[in-house]
Amino acid sequence: LNIDRFINNLELCCKNNKFDVDINDIRLYCIKYSNNFKLHYASSEYLYLSFIKNNNNDYLDLALSYISKAILLYNDEYSDFVSLNYLHKSVAQIYMMQHKYDQAKKYIKNNNVYDCNELLAKCEFALKNYDDAQKLSSQIYLKSASDIINISFIQIMILLKKEQTVDAYDFVNWSITFIKSIKKDDNFFKGILCPLIYLKA
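None of these values were measured; they are calculated from a predicted model.

Cut-offs and rules
- Residues numbered from 1 in each chain as written.
- Predicted model: local features only at pLDDT ≥ 70, side-chain atom pairs only at ≥ 80, totals over all residues.
- Heavy atoms only, no water.
- Helix = DSSP H or I, 4+ residues; strand = E, 2+ residues; numbered from the N terminus.
- Contact = heavy atoms within 4.5 Å.
- Areas by Shrake-Rupley, 256 points an atom, 1.4 Å probe, with all protein chains shown as cover.
- Phe/Tyr/Trp six-rings, centres within 6.5 Å; stacked < 30°, edge-to-face > 60°.
- Buried < 20%, exposed > 50% of the residue type's maximum accessible area, 1.4 Å probe, protein only.
- Lys NZ or Arg CZ within 6 Å of the ring centre and 35° of its normal.
- Patch = residues over 30% accessible without salt bridge, like charges linked within 9 Å, V, L, I, M, F, W, Y side chains within 5 Å.
- Salt bridge = Lys/Arg side-chain N within 4 Å of Asp/Glu carboxyl O.
- pLDDT = per-residue confidence, 0-100.
- Expected span 1.5 Å × (residues − 1).
- Polar contact = N/O pair within 3.5 Å; in protein donor to acceptor, adjacent residues only side chain to side chain.
- Core = buried A, V, L, I, M, F, W, Y, C linked by side-chain atoms within 4.5 Å.

**Let's talk about the overall build of the chain**
Within the chain, the regular secondary structure consists of 10 helices and 0 strands. If you list the helices and strands of the chain from N to C, you get α-α-α-α-α-α-α-α-α-α. A separation of at least 24 residues holds for 54% of the contacts in the chain among residues at least 6 apart in sequence. When the accessible area of the chain is evaluated, it comes to approximately 12700 Å², of which 51% is carbon and sulfur surface.

See the structure below:
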């Protein structure tokens, strides 16, 4: 196999959840093509997913080394393919799979990895920092609830524009019930409830 076909084969195996590539072949290719970003990225993904299926810790160690090398090789030409932030999140996830929660937390903070509150909450929980875990999980929950409420507003307005008033009324009632069931910060949720109650009226 040439290098492009080998990379395509790794990607296809990941897509089809089929892991029959010889790990020694991966090692040899990564030594021979040590400056190939896509090879190292594809190898790390393959080995990470292989670990999930086979539970072989050697796969995680190799996946970590290849994703770290991919980060060193990364440049803007790969931004349409994968983001640098995603690669950093992958490193943190591998540390977590290795139960190195302190290391994962430090890595996220030292590399300014964003969109990681869920990973950080899991790390804090594993490290028995329950207050910090609760604070992070509350932020995630509030953001998710806000997204649901914002989409509900759009859905209600669409239904009203289409003159489906009964459906819109039902959606308003559901939204009000949802907000009342989760509200923690009265000021935040009062600002959302008022227009819904007005719409209902």
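Having seen the model, we can carry on.
**A short note on the packing of aromatic side chains**
Any two aromatic rings considered together are summarised by their centre-to-centre distance and by the angle between their planes. All told, the structure shown has 12 aromatic pairs when counted by the stated rule. Where Y41 meets F81, the ring centres are 5.5 Å apart and the plane angle is 80°; that geometry is what we call edge-to-face. Here Y41, found in helix α3 (residues 37-54), pairs with F81, found in the loop between α4 (57-73) and α5 (84-97); they are 40 residues apart in sequence, far enough to count as distant. Here Y41 falls in the buried class, since its relative accessible area comes to 11%. An aromatic cluster is defined as three or more aromatic residues linked by ring pairs; in this entry it consists of F37, Y41, Y74, Y78 and F81. The lysine or arginine in question, K38, covers the ring of F81, its NZ or CZ lying 4.9 Å from the ring centre.

**A few points about a nonpolar patch on the surface**
A grouping of I151, I154 and I158 is seen on the molecular surface, where their side chains present a nonpolar patch of about 270 Å² in accessible area. With respect to the helices and strands, the residue I154 is situated in helix α8 (residues 130-161).

**Some points on the side chain of S152**
Turning to its location among the elements, S152 is positioned in helix α8. Apart from residues lying up to four places away in sequence, S152 is in contact with F171, W174 and S175.

**Observations regarding unusual backbone geometry**
With a phi angle near 65°, H99 is a residue other than glycine that sits in the positive phi range. On the secondary structure map, H99 appears in the loop between α5 and α6 (101-110). Phi at E163 takes a positive value of approximately 60°, unusual for a residue other than glycine. Within the secondary structure layout, E163 lies in the loop between α8 and α9 (165-182).

**Section: the confidence of the model for the chain**
Averaged over every residue, the pLDDT of the chain is 88; residues scoring 70 or more account for 90%. Confidence scores differ between elements of the chain, with helix α10 (residues 186-200) showing the lowest mean pLDDT of 58 and α6 the highest of 97.

**What about α5?**
In this model α5 runs 20 Å from its N-terminal to its C-terminal C-alpha over 14 residues, within 8% of the 20 Å that 1.5 Å per residue would give. Burial runs high along α5: 10 of the 14 residues are buried. Buried within α5 are the following residues: N85, L87, H88, K89, S90, V91, A92, I94, Y95 and M96. Of the surrounding secondary structure, the elements contacted by the buried residues of α5 are α3, α4, α6 and α7 (117-126). Just beyond α5, the residue with positive phi is H99, at close to 65°.

**Topic: the environment of T177**
Examined against the element boundaries, T177 turns out to sit in helix α9. Residue classification places T177 among the exposed residues on the basis of a relative accessible area of 51%. For T177, the side chain forms a polar contact with the main-chain oxygen of N173, separated by 2.9 Å.

**Notes on α4**
Here α4 spans 25 Å end to end across 17 residues, near enough to the 24 Å set by a 1.5 Å rise per residue. Looking at α4, one finds that the buried residues are Y59, L60, L62, A63, L64, Y66, I67, A70, I71 and L73. Contact partners of the buried residues in α4: α2 (23-32), α3, α5 and α6.

**Re the nonpolar core**
With 49 residues, the main nonpolar core has L10, I26, F37, L39, Y46, L47 and L87 as its most contacted residues. Elements with a minimum of two residues in this core: α1 (3-16), α2, α3, α4, α5, α6 and α7. When residues in this core are grouped by element, the largest group, 10 residues, is from α4. Setting aside its immediate chain neighbours within four residues, L39 contacts I3, F6, I7, L10, Y29, C30 and Y33.

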